[in-house]
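A look at the structure
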Amino acid sequence: KTNCILLTVASEPLSEKFGVVMEKMQWEKVLGDTVGQPVSFDEFSLTSVMFEEPKMIVNFELRVNELVIYALVGELIEERQMRGLLEGNCLWNSTNGATLSLLDEKRVLFAMSVSHQDQLRFSELLSGFVDAASYWQQKLLEAEPATVDAQDMSGFSSPRSSLFV
């Protein structure tokens, strides 16, 4: 049994060029196999999956030669939390390769891009993304600034063996 719910199911018209259609179909299969249910990109090349544990919506945007994965992880409670976000971004040490950024004045977006070559290890990449996004969700809920503690992030270098345990 999976821990996610598919939110977008509309398919893009097949009037696109063959290579783009093939890439789209490959990503739909890889993503569907990873989350354990069929996935389709809409006419804007977008789809979303809601994870139950941790509770979060993860969005996927298919672009030429890449898949962008992103999620809103929270809002800034205090302006000084921005320092923690910048520290977390430094060489991607506290983000599992993703990037933290401000979507507007308060909302924090967590995003990463993966290439076609990453399809073979996509389950591991998505698991690491969800783990790190969950970490930053919790950090942003804290009243104190979200400074990075090396102890907090120690488990990030070795991803879980399975996305859905």
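Note that the structure is a prediction, hence the values are computed from the model and not measured. Residue numbering note: each chain is counted from 1, following its sequence as written. Selection of residues for local features in this predicted model requires a pLDDT of at least 70, selection of side-chain atom pairs for listing and counting requires 80 or more, and totals for whole chains, interfaces and linings are taken over all residues. Remark: hydrogens and water are excluded; side-chain values derive from all non-hydrogen atoms of the structure.

Focus on the overall build of the protein
Helix and strand counts for the protein come out as 3 helices and 6 strands. In this text, helices come from DSSP runs of H or I with a minimum length of four residues, and strands from runs of E with a minimum of two, each type numbered from the N-terminal end. Reading the protein from its N end, one meets helices and strands in the order β-α-β-β-β-α-β-β-α. Nonlocal contacts in the protein, meaning residues at least 24 apart in sequence, comprise 64% of its contacts between residues at least 6 apart. Method for areas: the Shrake-Rupley scheme with a 1.4 Å probe, in which residue coverage is limited to the protein chains shown. Accessible area for the protein stands at about 9200 Å²; split by element, carbon and sulfur atoms hold 56% of it. In what follows, residue pairs with any heavy atoms lying within 4.5 Å of each other are defined as contacts.

Some details on the packing of helix α2 (residues 81–89) against helix α3 (residues 122–141)
Every axis corresponds to a line fitted to the C-alpha atoms, with the helix fit spanning only the stretch in contact, and the corresponding angles, defined between N-to-C directions, vary from 0 to 180 degrees. Following both chains from N to C, one finds α2 and α3 inclined at 160°, their axes separated by 11 Å at the closest point. As judged from the angle between their axes, α2 and α3 are roughly antiparallel. Considering only the axes of α2 and α3, their crossing is right-handed. Judged by residue contacts, Gln-81, Gly-84, Leu-85 and Gly-88 of α2 engage Trp-136, Lys-139 and Leu-140 from α3. Three categories are distinguished: nonpolar for Ala, Val, Leu, Ile, Met, Phe, Trp, Tyr, Cys and Pro, charged for Asp, Glu, Lys and Arg, and polar for the others, with Gly belonging to the last. Here the residues of the contact of α2 with α3 are counted per class, giving 3 nonpolar, 3 polar and 1 charged. Note on terminology: angles under 35 degrees are roughly parallel, angles over 145 are roughly antiparallel, angles of 65 to 115 are roughly perpendicular, and the others are oblique. Working rule for handedness: look at the near helix, and if it is turned counterclockwise from the far one by less than a right angle, call the crossing left-handed; if clockwise, right-handed.

So, the pattern of salt bridges
We define a salt bridge as a contact between a side-chain nitrogen of Lys or Arg and a carboxyl oxygen of Asp or Glu at a distance within 4 Å. Taken as a whole, this structure holds 11 salt bridges when the rule is applied. Across the pair Asp-104 and Arg-107 runs a salt bridge, and its minimum N-O distance is 2.7 Å. Per-residue accessibility, obtained with a 1.4 Å probe over protein chains only, is compared with the maximum for each type, and a residue is labelled buried under 20%, exposed over 50%, and partly exposed between these values. Judged by its relative accessible area of 33%, Asp-104 is partly exposed. A single network of salt bridges, built from pairs that share partners, joins Glu-61, Arg-63 and Glu-66.

Side note on the side chain of Ser-134
You can see Ser-134 is positioned in helix α3. Ser-134 gets classed as buried once you look at its relative accessible area, which sits at 18%. Excluding residues within four positions of it along the chain, Ser-134 makes contact with Pro-54 and Met-56.

Regarding the packing of aromatic side chains
Only Phe, Tyr and Trp rings are paired, with Trp represented by its six-membered ring, and only when their centres lie within 6.5 Å; those with planes under 30 degrees apart are stacked, over 60 edge-to-face, the remainder tilted. Tallied over the entire structure, the rule returns 3 aromatic pairs. A centroid spacing of 5.0 Å and a plane angle of 40° characterise the contact between Phe-110 and Phe-129, whose relative ring orientation is tilted. Here Phe-129 lies in helix α3 and Phe-110 lies in strand β6 (residues 107–115), a separation of 19 residues in the sequence. A relative accessible area of 0% places Phe-110 in the buried class. Of the residues examined, Phe-129 reaches a relative accessible area of 0% and is grouped as buried. Each ring, one from Tyr-135 and one from Trp-136, has its centre 5.2 Å from the other, and the planes form 90°; the classification is edge-to-face. The pair formed by Tyr-135 and Trp-136 is uniform in burial state, with each residue classed as buried.

Some details on the nonpolar core
Counting 34 residues, the largest nonpolar core has Val-58, Phe-60, Ile-69, Phe-110, Phe-122, Leu-126 and Phe-129 as its most contacted members. Of all elements in the fold, only α1 (18–35), β2 (46–51), β3 (56–63), β4 (66–75), β6 and α3 reach the threshold of two or more residues within this core. Among all residues touching Phe-129, those that are not within four sequence positions of it are Val-58, Ile-69, Tyr-70, Ala-71, Asn-96, Ala-98, Phe-110, Ala-111 and Met-112. As used here, the term nonpolar core means buried Ala, Val, Leu, Ile, Met, Phe, Trp, Tyr and Cys residues forming a set that is joined through side-chain atoms within 4.5 Å.

Regarding the confidence of the model for the protein
It should be kept in mind that the predicted coordinates are not to be read in detail where pLDDT is low. Along the chain, pLDDT gives the predictor's confidence residue by residue, from 0 to 100. In the predicted model, the protein carries a mean pLDDT of 79, and the fraction of residues at 70 or more is 74%. Per-residue pLDDT, averaged within each element of the protein, yields its smallest value for strand β1 (residues 4–6) (50) and its largest for β3 (96). Throughout residues 5–16 the model reports pLDDT below 50, and contacts reaching past four residues in sequence, or to other chains, amount to 34 contacts. Predicted confidence is poor over residues 153–165, with pLDDT under 50, and the contacts of this stretch with residues over four places away or in other chains come to 25 contacts.

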